[in-house]
Amino acid sequence: MTSREHQVSLWNWVPLLRRLLSRPLHALNRYFRSPVSPSKMAEEPQSMLQLPPSGAAGGEGLTEVSPETTTPEPPSSAAVSPGTEEPAGDTKKKIDILLKAVGDTPIMKTKKWAVERTRTIQGLIDFIKKFLKLVASEQLFIYVNQSFAPSPDQEVGTLYECFGSDGKLVLHYCKSQAWG
Amino acid sequence: MEEDEFIGEKTFQHYCAEFIKHSQQIGDSWEWRPSKDCSDGYMCKIYFQIKNESVMSHPGASTHGQTCLPMEEAFELPSDDCEVIETAAASKVIKYEYHVLYSCSYQVPVLYFRASFLDGRPLTLKDIWEGVHECYKTRLLQGPWDTITQQEHPILGQPFFVLHPCKTNEFMAPVLKNSRKINKNVNYITSWLSIVGPVVGLNLPLSYAKATSQAERNSD
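Residues numbered from 1 in each chain as written. Chains lettered and ligands numbered in written order. Predicted model: local features only at pLDDT ≥ 70, side-chain atom pairs only at ≥ 80, totals over all residues. Heavy atoms only, no water.

**Observations concerning the overall build of chain B**
In plain terms, the rule: By the criteria applied, helices consist of DSSP H or I runs no shorter than four residues and strands consist of E runs no shorter than two, each listed in order from the N terminus. Only protein chains enter the area calculation, which uses a 1.4 Å probe; residues under 20% of their type maximum are buried, those over 50% are exposed, and those in between are partly exposed. A 1.4 Å probe and the Shrake-Rupley method give the accessible areas. Residues count as covered only by the protein chains that appear here.
In terms of helices and strands, chain B carries 7 helices and 6 strands. Taken from the N to the C terminus, the helices and strands of chain B come in the order α-β-β-β-β-α-α-α-β-β-α-α-α. Counting only residues that meet the buried cut, chain B has 45% of its 220 residues in that class. Here chain B has roughly 11100 Å² of accessible surface; of this, 51% comes from carbon and sulfur atoms.

**Observations regarding the packing of helix 5 (residues 168-181) of chain B against helix 6 (residues 188-196) of chain B**
Residues and elements named next belong to chain B. Inclusion rule: Throughout, an axis means a line fitted to C-alpha atoms (over the contacting stretch in the case of helices), and angles, computed between N-to-C directions, take values from 0 to 180 degrees. Angular relationships are summarised with four words: roughly parallel below 35 degrees, roughly antiparallel beyond 145, roughly perpendicular across 65 to 115, and oblique for the angles in between. Two helices that cross are described as forming a left-handed crossing if the nearer one is turned anticlockwise from the farther one by less than a right angle, and a right-handed crossing if clockwise. Note on contacts: a residue pair is in contact if any heavy atoms of the two residues lie within 4.5 Å. Think of it as three bins: nonpolar holds Ala, Val, Leu, Ile, Met, Phe, Trp, Tyr, Cys and Pro, charged holds Asp, Glu, Lys and Arg, and polar takes everything else, Gly as well.
Where helix 5 meets helix 6, the axes come as close as 11 Å, and the angle between the chain directions of the two elements is 125 degrees. Relative to helix 6, the element helix 5 is oriented oblique. As helix 5 packs across helix 6, the resulting crossing turns out to be right-handed. Contacts from T168, F171, M172, V175 and L176 in helix 5 reach Y188, S191, W192, I195 and V196 in helix 6. Of the residues contributing to the contact of helix 5 with helix 6, the split by class is 8 nonpolar, 2 polar and no charged.

**Some points on the nonpolar core**
Stated precisely, the cut-off is as follows: By nonpolar core we mean a set of buried residues, namely Ala, Val, Leu, Ile, Met, Phe, Trp, Tyr and Cys, connected to one another through side-chain atoms within 4.5 Å.
Core analysis: the biggest nonpolar cluster contains 74 residues, and I128(A), W30(B), W192(B) and L193(B) have the highest contact counts within it. For this core, the element with the most residues is helix 6 of chain B, which contributes 6 residues. Non-local contacts of W30(B), meaning those with residues more than four positions away in its chain, are made with F19(B), I20(B), S23(B), M43(B), C44(B), K45(B), Y98(B), V100(B), L193(B), L202(B), L204(B) and Y208(B). Formed by 11 residues, the second largest nonpolar core is a distinct cluster that contains Y42(B), C44(B), I46(B) and F160(B).

**Quick notes on the packing of helix 1 (residues 9-26) of chain B against helix 6 of chain B**
Each pair of packed helices can be summarised by the angle the axes make with each other and by the distance between the axes. Residue and element names in this part refer to chain B. One way to put it is that helix 1 packs onto helix 6 with a least axis distance of 8 Å and a crossing angle of 75 degrees. What the angle tells us is that helix 1 and helix 6 run roughly perpendicular. Residues F12, Y15, C16 and F19 of helix 1 lie in contact with helix 6, whose contacting residues are Y188, I189, T190 and L193. Of the residues that constitute the contact of helix 1 with helix 6, the class distribution is 7 nonpolar, 1 polar and no charged.

**A short note on helix 3 (residues 156-163) of chain A**
Rules: Throughout, the arc means that of the directions going from the helix axis to the C-beta atoms.
When helix 3 of chain A is considered as a whole, its buried residues turn out to be V156(A), G157(A), L159(A), Y160(A) and F163(A). The arc enclosing the buried residues of helix 3 of chain A, seen along the axis, measures out at 160 degrees, which places them on a common side.

**Points about the confidence of the model for chain A**
All names here are of chain A. Note the following rule: For every residue, the predictor states its confidence as a pLDDT score lying anywhere from 0 to 100.
On average, residues of chain A score 68 in pLDDT, and 49% of them are at 70 or above. Mean pLDDT across the elements of chain A ranges from a minimum in helix 1 (residues 2-22), with 61, to a maximum in helix 3, with 95. Contacts for the low-pLDDT stretch residues 33-89, under 50 throughout, to residues beyond four places or in other chains number 92 contacts.

**Side note on the sheet that holds strand 1 (residues 30-34) of chain B**
Residue and element names in this part refer to chain B. Worth spelling out the cut-off: The pairing criterion for strands is at least two bridges between them, as found by DSSP.
Across the sheet, 6 strands lie side by side as 1-2-3-4-6-5; this open sheet has antiparallel pairing. Edge positions in the sheet fall to strand 1 and strand 5 (148-152), since each of these pairs with one other strand and no more. Shown here is a sheet whose adjacent strand axes are inclined to one another by a mean of 35 degrees, direction ignored. Bridge count for strand 2 (residues 41-50) against strand 3 (residues 93-103) is 8 bridges, and the pairing is antiparallel. Pairing of I50 across the sheet is with V93, part of strand 3. In this fold helix 6 packs onto strand 1, strand 2, strand 3, strand 4 (108-117) and strand 6 (159-163), with an angle of close to 50 degrees to the strand it touches most, strand 4.

Structure representation (structure tokens):
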């Protein structure tokens with residue numbers, strides 16, 4: 001029994017190896033990221049956007065979702081997901097977000113990001129603040145529909161369902177020292 | 001100073017009316033309360049919340065006085081807490097009140113709030129802050145007196161905590177300027193409350209954001 005199990009698991013690796021070897025080296029990093037936390041609780045202070053490390057295709061983030069750099073779904077922690085094609089839009093674990101600056105807020109070099117659906121607004125705010133190197137005394141607000149600030153624990157996936165169009169969610173961000 | 005970002009009292013009342021219209025559609029419990037002489041008024045929301053750590057029960061014992069709490073989704077009911085001793089739930093139910101008033105001096109809306117136990121004992125500011133989202137806590141705790149003060153409610157004459165309005169213009173201006181650029185109507189109250197609300201533990205359902213665009217589409 002045991003040896004058979006071993007045989008089966010070995011065979012599972014063959015197609016994976018084939019796929020890995022056919023890809024550019026830098027894309028391999030995607031397969032070794034730590035899995036997304038299943039927790040959907042409001043605060044995820046340590047979680048960051050799953051950005052490919054520097055040197056990955058497309059620069060610092062998943063920018064233009066062009067055909068040749070289509071991101072395959074990273075496999076979950078246990079199973080290796082078969083198939084390399086991007087699943088249909090609705091079943092994607094990540095959604096595309098386009099970030100637009102408002103007012104005097106610095107514009108991000110990379111505006112388009114692929115973000116897990118379960119990422120909260122707060123997580124996104126923390127990320128943008130780090131990216132823009134804002135100081136602690138500066139607040140950052142994110143808006144949907146250019147006018148409404150979702151709660152910090154709102155998941156971007158939900159926002160995408162409500163406000164997404166053309167396959168992406170447009171979010172405006174604005175820096176403020178409102179409570180400074 | 002941006003003159004355009006201030007709103008007059010009539011405009012304030014108009015936006016409140018639109019806001020309350022949607023609130024009624026989704027059962028969000030906001031209502032308008034006119035002052036005694038009816039010249040002005042304010043928007044008000046009351047909800048009840050059970051404090052998490054204090055509502056515990058034996059399995060089989062009745063956990064929550066749910067039946068006596070008609071208000072909505074602000075409940076934070078515990079899941080599966082079957083192993084702990086039952087405590088007096090009544091004293092741990094908290095009544096939150098949020099009032100939106102118009103400030104003539106600042107020409108912006110102002111958020112008044114308070115919380116109390118069912119027996120009338122008020123919560124301290126510190127207690128209220130426990131309901132404040134982490135991202136705002138640090139800022140507020142560093143300099144709370146710059147942002148939250150206790151004042152007499154202009155209409156009720158009772159002590160309330162107030163989120164100081166002096167910076168309102170600062171964070172509203174970019175939003176409004178931006179929306180004007182693209183000729184989009186924005187409900188000032190909805191935008192403003194979506195920003196300041198979470199600071200004091202009040203979160204607006206997403207449908208408010210859609211309500212504004214819906215109203216736009218209907219009027220186009």
